Amino acid sequence: MIREQQHTLPDEIFKVIFENSPGSLLVKADAPWFTIMAASDGYLKITSSVRENILGRSFFEVFPDGNSNPDDVASARHVFTKVAETGLKVDIPYYKYNVYNANTQTYDVRFWSCSNIPFSCGNKVAYILNVVVDITAEVNARQAAMESENRLRLAAEATGFATFDWDLNDEKRYCSPQLAELLGYPADTALTSTDVFNMIHPDDKATVVNAFNEAFKTGIYCYDVRIIWPDSSLHWISIRGKQIPGEGKNCARILGTVLDITESKSDEIRKNDFIAMASHELKTPLTSIKSYIQILAKKLVNTDDSFVINALSKANLQINKMTDLIHGFLDLSRLESGKLPVKPEQFDINELISDTVTEFTQALNSHIINFDSHGVLNVYADRDKIGQVISNFLSNATKYSPRGSTITIMSKTTDCDISVSVTDLGVGIKLKDQKKLFQRFYRVDSDKTMTVSGFGIGLYLSSEIIQRHNGKIGVESTEGEGSTFYFSLPVSPPL
Ligand code: ADP
């Protein structure tokens, strides 16, 4: 049996479908009125209108042109007329039409996109289906993004930094126009990665490679290097960036800023040169004062004048403190100018610790220093520099713990490293400070430590020395209970 097929939808069903469609309005092509014949629920919702109030009325009576120019090609009158006359569909991807808000009794700014589809009866357009989409949220988001981009651009122009976005998957790079200027070229000059890399000072190229490899581990891309401009002048730039992980933890992009720091670097270099020069000049008279004190001490070895003995010993102590300070400054300037060489040799670290402890106990008798040496522990390292690290740990332990308290030094070895730790029962260090202690000039800002003299360079130097030995340095501490500073060195390679 052949089933009777129905090809046309009953009017009622069509009405339900239409009224449930999103943002649809059917107008009659009876120019100049364009009478509203039907509106979907979605349309009523987004235009804040009521069906009974708009059906049978002219579109322009319900939605007056307002302040829009009727000659505007995007105006509804222009569009409807065009669709009615040509029988062609007209899309308006973006226009503004403010909607009256009965609650606030003001007009809300709204942005729309619409499609106007003709429906013909015979060879004449009878109806126009006007389908609208409210795109206010997208437009606002786009405007906010543009504003933030503008703000960033203005900030970059004002402060002189350039930005870059480097896609590592397809090697695409976006650089702001200022980048070329920072490299000595006119703004917007197209420079390839190789051009930029070739401008880096030969001694600093390794820094860039290391920073790139480091970014994969830490997510932070950060370094300062010298670059040689096309006019052969030398400039410093500072790169600060972030690695954005891609899928499967692959590094996908590096985003960051570039800043010319030539001026501040020159200031820093001048300051370092001054410290180096002043320390060097102070070293000679200090050595001579120390020698005179030693000669005096020898000459007065049989004296029973307790004031003289005490004064000489105190003078010697102060001279030693100043000598240590000056050596610290000299080392700092050597380190900053890349001239702190490591001269490794094979030696017994337990013997070095014993010698340092003896020196300390002879110089100041303020603490009980415990060291249980367990035989010979050979390491392959720079003996003087490792001695400096142990001295710094010990000196800090005496500075930041009460007189008479115990300081414990321990050394131990595992299959892969040899470690040394110095534990005191002193003021201890807050967790937030522990992370920064090894930075240059960092000192804990607390009532308990600020009265103790120091410049915050000892731990920085210690950390640089240990890093140059491929070792590790760290601290464990509880505020008010004490601290343990430790370092470890790789086990000595066979000689
Ligand atoms: P300095 O002691 O000369 O200021 P350091 O670099 O050796 O410089 O130490 C940096 C800071 O770390 C000190 O100022 C102090 O605040 C803190 N510190 C170092 N060792 C200890 C310790 N054993 N106990 C408590 N605080 C310490």
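In this convention, every chain numbers its residues from 1, walking through the sequence in written order. The model is predicted, so local features are restricted to residues of pLDDT at least 70 and side-chain atom pairs to those at 80 or more, both for listing and for counting; the totals for chains, interfaces and linings are taken over all residues. Working from all heavy atoms in the structure, the side-chain values ignore hydrogens and water.

Undergrad: Got a minute to help me understand the environment of L25 in this structure?
TA: To qualify as a helix, a DSSP run of H or I must reach at least 4 residues; to qualify as a strand, a run of E must reach at least 2; elements of each kind are numbered from the N terminus. Counting through the fold element by element, L25 comes out in strand β1 (residues 24-28). Sequence separation of L25 and V131 is 106 residues, and the distance between their C-alpha atoms is 6.3 Å. Setting aside its immediate chain neighbours within four residues, L25 contacts F18, I36, A38, A39, Y43, I54, F59, I128, L129 and N130. Note on contacts: a residue pair qualifies if any of its non-hydrogen atoms lie within 4.5 Å across the two residues.

Undergrad: Mind showing me how you'd approach the packing of aromatic side chains here?
TA: Two numbers describe a pair of aromatic rings. These are the distance of the centres and the angle of the planes. Pairing of aromatic rings covers Phe, Tyr and the six-membered ring of Trp, with a centre-to-centre limit of 6.5 Å; geometry is then stacked below 30 degrees between planes, edge-to-face above 60, and tilted otherwise. Evaluated as defined, the whole model comprises 19 aromatic pairs. Pairing F59 with F63 gives two aromatic rings, centres 5.1 Å apart and planes at 50 degrees, and the pair type is tilted. One exposure class covers both F59 and F63, and it is buried. Ring centres of F212 and F216 lie 5.1 Å apart, and the angle between their planes is 75 degrees; on these two criteria the pair is classed as edge-to-face. In this pair, F212 and F216 both sit in helix α9 (residues 205-218), four residues apart, roughly one turn of the helix. A ring is scored as having a charge over it whenever the NZ atom of a lysine or the CZ atom of an arginine sits within 6 Å of its centre and within 35 degrees of its normal. A cation over an aromatic ring shows up here: K205 above the ring of F197, its NZ or CZ 5.5 Å from the ring centre. The side chain of K265 reaches across the aromatic face of W236, ending 4.6 Å from its centre. A 1.4 Å probe rolled over the protein chains alone gives each residue an accessible area, and that area as a share of the maximum for its type sets the label: buried under 20%, exposed over 50%, partly exposed in between.

Undergrad: What is the right way to look at the sheet that holds strand β19 (residues 482-490) in this model?
TA: In any sheet, the strands associate via hydrogen bonds between backbone groups, in a parallel or an antiparallel arrangement. Any two strands are treated as partners once DSSP identifies two or more bridges connecting them. Strand order in the open sheet formed by five strands is β14-β16-β17-β19-β18, and the pairing between neighbours is mixed. The strands lining the two open edges of the sheet, one partner per strand, are β14 (368-371) and β18 (472-478). Between one strand axis and the next, the sheet turns by 15 degrees as a mean value, whatever way the strands run. Pairing between strand β16 (residues 406-413) and strand β17 (residues 417-424): six bridges, direction antiparallel. When the sheet's bridge partners are listed, I409 is paired in β17 with V422. Helix α13 (residues 383-399) contacts β14, β16, β17, β18 and β19 of the sheet and is inclined by roughly 175 degrees relative to β19. All axes here are fitted lines through C-alpha atoms, helices being fitted over the stretch that makes contact, and every angle between N-to-C directions spans 0 to 180 degrees.

Undergrad: I'm lost on the layout of surface pockets in this one. Help?
TA: Empty space among the atoms becomes apparent when a probe as large as a water molecule is rolled across them. Only protein atoms enter the 1 Å grid, on which a cavity is a set of points fitting a 1.4 Å probe that cannot get out and a pocket is an open set with protein on both sides within 12 Å along at least 5 of 7 lines, lining residues being those with an atom within 4 Å of a point. Grid points are joined across faces, edges and corners, and a volume is the space filled by probe spheres set on the points. Volume-wise, the second largest pocket comes out at about 1,200 Å³. Residue lining of the second largest pocket: 30 residues in total, with D224, W236, K265, L335 and E336 positioned closest to the centre. Only α9, β10 (220-228), β11 (234-245), α10 (262-299), α11 (306-336) and α16 (458-468) provide two or more residues apiece to the lining of the second largest pocket. Top element by residues in the lining of the second largest pocket is α10. It accounts for six residues. Under the convention adopted here, Pro, Cys and the residues Ala, Val, Leu, Ile, Met, Phe, Trp and Tyr are nonpolar, Asp, Glu, Lys and Arg are charged, and Gly plus all remaining residues are polar. Its residues assigned to classes, the lining of the second largest pocket shows nine nonpolar, six polar and 15 charged.

Undergrad: Before we go on, may I ask you to explain the sheet that holds strand β7 (residues 124-134) in this structure?
TA: Read from one edge to the other, the open sheet built from five strands follows the order β2-β1-β7-β6-β3, with strand pairing classed as antiparallel. A strand with exactly one partner marks an edge of an open sheet, and here the two such strands are β2 (36-39) and β3 (90-96). The average angle at which neighbouring strand axes cross in this sheet is 20 degrees, direction not considered. Inspection of the sheet shows β3 paired to strand β6 (residues 111-121) by five bridges, in the antiparallel sense. Note on β6: the bridge partner recorded for Y95 is W112. Against the sheet, helix α5 (residues 76-86) contacts β1, β3, β6 and β7, and its axis sits at roughly 140 degrees relative to β7. Those strands touched by helix α6 (residues 136-159) are β3, β6 and β7, and its axis lies near 140 degrees from that of β6.

Undergrad: Help me understand the side chain of T163 in this model?
TA: Counting through the fold element by element, T163 comes out in strand β8 (residues 162-167). If near-sequence neighbours (up to four positions away) are discounted, T163 is found in contact with Y174, C175, S176, G256 and T257.

Undergrad: Would you mind going over the packing of helix α12 (residues 349-363) against α13 with me for this structure?
TA: A packed helix pair is summarised by two numbers, namely the angle formed by the two axes and the spacing between the axes. It is at 10 Å that the axes of α12 and α13 come closest, and there the two elements cross at 45 degrees. The orientation of α12 relative to α13 falls into the category oblique. In the packing of α12 onto α13, the handedness of the crossing is right-handed. Listed contacts from α13 to I349, E351, L352, I353, D355, T356, V357 and F360 of α12 are R383, I386, G387, I390, S391, L394 and S395. In terms of residue class, the contact of α12 with α13 is made up of eight nonpolar, four polar and three charged. Just so you know how the angles are binned, under 35 degrees is roughly parallel, over 145 roughly antiparallel, 65 to 115 roughly perpendicular, and the rest oblique. Whether a crossing is left-handed or right-handed is set by the direction in which the near helix is turned from the far one by less than a right angle, anticlockwise for left-handed and clockwise for right-handed.

Undergrad: It is not clear to me how the environment of E268 should be interpreted in this structure. Could you clarify?
TA: Along the polypeptide, E268 turns up in helix α10. Accessibility expressed as a relative area gives 25% for E268, which makes it partly exposed. Note: C-alpha distance between E268 and I473 (205 residues apart in sequence) is 27 Å. Setting aside chain neighbours within four positions, we find E268 in contact with E336 and R440.

Undergrad: Help me understand the domain arrangement of the chain in this model?
TA: In many analyses, interface size is given as the accessible surface area lost on bringing the parts together. How far each domain reaches was decided by an automatic or database domain assignment. Considered domain by domain, the chain is made up of domain 1 (11-134), domain 2 (143-260), domain 3 (265-336) and domain 4 (345-490). Relative placement of domain 3 and domain 4: their C-alpha centres are 22 Å apart. Of the residues lining the interface, nine residues belong to domain 3; the matching set on domain 4 comes to 10 residues. Throughout, buried area stands for the accessible area (probe radius 1.4 Å) lost by two parts on being put together, summed over both. Interface of domain 3 and domain 4: buried area, both sides summed, is about 940 Å²; carbon and sulfur atoms make up 70% of it. By salt bridge we mean one thing: a side-chain nitrogen of Lys or Arg within 4 Å of a carboxyl oxygen of Asp or Glu. For the interface between domain 3 and domain 4, the tally reads one salt bridge. Residue R440 is joined to E268 by a salt bridge in which the shortest nitrogen-to-oxygen separation is 3.8 Å. Think of a polar contact as two N or O atoms within 3.5 Å of one another; within protein, one of them needs to be a possible hydrogen donor and the other a possible acceptor, and neighboring residues in sequence only count if both atoms come from side chains. At the surface where domain 3 touches domain 4, the tally comes to one residue pair in polar contact (both at pLDDT 80 or more). In terms of residue count, α11 provides more of the side of domain 3 that touches domain 4 than any other element does, eight residues in total. In terms of residue class, the side of domain 3 that touches domain 4 is built from five nonpolar, one polar and three charged.

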